[in-house]
Amino acid sequence: WSSDVCSSDLRSEVTKRGILDIARQHFSSVGFEGTSTRSIATEAGINHSLIVYHFKNKLGLWKAVMNDLFAAFTNHSARHAATSDDQIELLRANLHAFVSFCAETPELHRIMTIEGRMKSDRLTWLLDTYLKDIFETVSTRIRTGQAEGRVRQGNPAQLYYGAIGIAGTLATLAQEYEALSGESASSEASIASAIDLIDALLFVD
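Asker: Give a detailed account of the overall build of the protein, specifying residues and quantitative values.
Answerer: The secondary structure content of the protein amounts to 10 helices and 0 strands. Starting at the N terminus and ending at the C terminus, the protein contains elements arranged as α-α-α-α-α-α-α-α-α-α. Here the protein holds 205 residues, and the buried ones make up 40% of them. Counting 19 positive and 25 negative side-chain charges, the protein places the centres of these two groups 7 Å from one another.

As structure tokens, then:
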């Protein structure tokens, strides 16, 4: 009996994971409004009722996708964290991790680009759940670095978004970038180049 329960739980988690992966692609391509949970169910080869069972509705699914993406970024950042408690080195390591994460998982920045264009309950949820804390942490470290002469002077918010722009644009406009430059947006060389640009934008070495 316990083996059957474990097998059922595993199937449920595999199904849930499959729904999340497909939904992530839809939300990052056509946004929340353009996404259909029935289309996701069809692509996943499941009954639509399973999406309702796991996530209740489209908004619940969207929030689950965002929680999953931010958890993945947190884990990625932890694997690439600075080995010291120095606030500027922590800032540098986190920005570098964001570059490589965007290259590997471009859907996060693509969804944020869509959601950040207009006021909505979803944007408010993102701000309250994730973005305000991240922004405050990064901005504080930028101001600390500026006071120490280790980060370039300038509006901390604009420096923050400048770094995000360098890292995220390659992911958001990967096909355009590759067509015009002839370079892969996710190659090691492109990642290294983006990191160098962020370092030049922010840090005084």
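Asker: Give me the nonpolar core: which residues, what numbers.
Answerer: Within the largest apolar cluster, 51 residues are counted, with the highest numbers of intra-cluster contacts made by Leu 61 and Met 66. Sequence-distant contacts of Leu 61, that is, excluding residues within four places in its chain, are made with Ile 19, Leu 20, Ala 23, Phe 27, Thr 37, Ile 40, Ile 51 and Phe 55.

Asker: Requested: an account of helix α10 (residues 188–202), with residues and values cited.
Answerer: Note: α-helices contain 3.6 residues per turn, so residues at a spacing of three or four share the same orientation. In a regular helix each residue adds 1.5 Å, so 15 residues correspond to 21 Å; α10 covers 21 Å between its end C-alpha atoms and thus fits that length. For α10, every residue scored as buried is listed here: Ser 190, Ile 191, Ala 194, Ile 195, Ile 198, Asp 199 and Leu 202. Packing partners of the buried residues in α10 comprise α5 (87–104), α7 (121–148), α8 (156–172) and α9 (174–181).

Asker: So what's going on with empty space enclosed by the protein? Which residues, and what values?
Answerer: One way to see where empty space is left: roll a probe the size of a water molecule over the atoms. Summed over all chains, the structure comprises 1 cavity of 30 Å³ or more. Within this model, the largest cavity holds a volume of roughly 50 Å³. Lining of the largest cavity is provided by Val 99, Cys 102, Ala 103, Ala 167, Leu 170, Ala 171, Ala 185, Ile 191 and Ala 194. Listed by contribution, the elements that provide at least two residues to the lining of the largest cavity are α5, α8 and α10. Along the lines of polarity and charge, the residues of the lining of the largest cavity split into 9 nonpolar, no polar and no charged.

Asker: For the packing of α5 against α8, give the residues involved together with the corresponding values.
Answerer: Angle between the axes and distance between the axes: these two values describe a pair of packed helices. Running from N to C, α5 and α8 cross one another at 15°; their axes reach a closest spacing of 8 Å. Relative to α8, the element α5 is oriented roughly parallel. For the pair α5 and α8, the crossing hand works out as right-handed. Judged by residue contacts, Leu 95, Phe 98, Val 99 and Cys 102 of α5 engage Ala 163, Ile 164, Ala 167, Gly 168 and Ala 171 from α8. Per-class residue counts for the contact of α5 with α8 are 8 nonpolar, 1 polar and no charged.

Asker: Hey, could you go over the layout of surface pockets for me, with residue numbers and the actual values?
Answerer: Approximately 480 Å³ is the volume found for the largest pocket. Breaking the lining of the largest pocket down by element, the ones donating at least two residues are α4 (58–79), α5, α6 (107–115), α7 and α8. Ranked by the residues each element gives to the lining of the largest pocket, the list is headed by α7, at 7 residues. Looking at the lining of the largest pocket, its residues break down into 15 nonpolar, 4 polar and 1 charged.

Asker: Kindly report on the pattern of salt bridges, identifying the contributing residues and their values.
Answerer: For the structure on display, the rule yields 12 salt bridges. In this structure, the salt-bridge partner of Asp 199 is Arg 92, at a minimum N-O distance of 3.8 Å. You can see Asp 199 sitting in helix α10 and its partner Arg 92 sitting in helix α5, a full 107 residues away along the chain. Just as Asp 199 is buried, Arg 92 falls in that class too. Across the pair Arg 143 and Glu 136 runs a salt bridge whose closest N-O atoms are separated by 3.4 Å. The class for Glu 136 is partly exposed, based on a relative accessible area of 41%. When salt bridges that share partners are traced, they join Asp 86, Glu 89, Arg 92, Glu 148, Arg 150 and Asp 199 into one network.

Asker: Summarise the packing of α4 against α5; cite the residues concerned and give the values.
Answerer: It is at 9 Å that the axes of α4 and α5 come closest, and there the two elements cross at 130°. Judged by the angle between their axes, α4 and α5 are oblique. In terms of crossing hand, the pair formed by α4 and α5 is right-handed. Contacts from Leu 69, Ala 72, Phe 73, His 76 and Ser 77 of α4 reach α5 at Asn 94, Ala 97, Phe 98, Ser 100, Phe 101 and Glu 104. Each residue belonging to the contact of α4 with α5 can be placed in one class, and the counts come to 6 nonpolar, 4 polar and 1 charged.

So, how was this worked out
Residues numbered from 1 in each chain as written. Predicted model: local features only at pLDDT ≥ 70, side-chain atom pairs only at ≥ 80, totals over all residues. Heavy atoms only, no water. Helix = DSSP H or I, 4+ residues; strand = E, 2+ residues; numbered from the N terminus. Buried < 20%, exposed > 50% of the residue type's maximum accessible area, 1.4 Å probe, protein only. Lys, Arg positive; Asp, Glu negative; His and termini not counted. Charge placed at Lys NZ, Arg CZ, Asp CG, Glu CD. Core = buried A, V, L, I, M, F, W, Y, C linked by side-chain atoms within 4.5 Å. Contact = heavy atoms within 4.5 Å. Expected span 1.5 Å × (residues − 1). 1 Å grid on protein atoms, 1.4 Å probe; cavity = no way out; pocket = protein on both sides within 12 Å on 5 of 7 lines; lining within 4 Å. Points joined across faces, edges and corners; volume = space filled by probe spheres on them. Nonpolar A, V, L, I, M, F, W, Y, C, P; charged D, E, K, R; others polar. Axes fitted to C-alpha atoms, helices over the stretch in contact; angles between N-to-C directions. Parallel < 35°, antiparallel > 145°, perpendicular 65-115°, else oblique. Left-handed = near helix turned anticlockwise from the far one by under 90°. Salt bridge = Lys/Arg side-chain N within 4 Å of Asp/Glu carboxyl O.

Remember, this is a structural readout, not a statement about activity or role.
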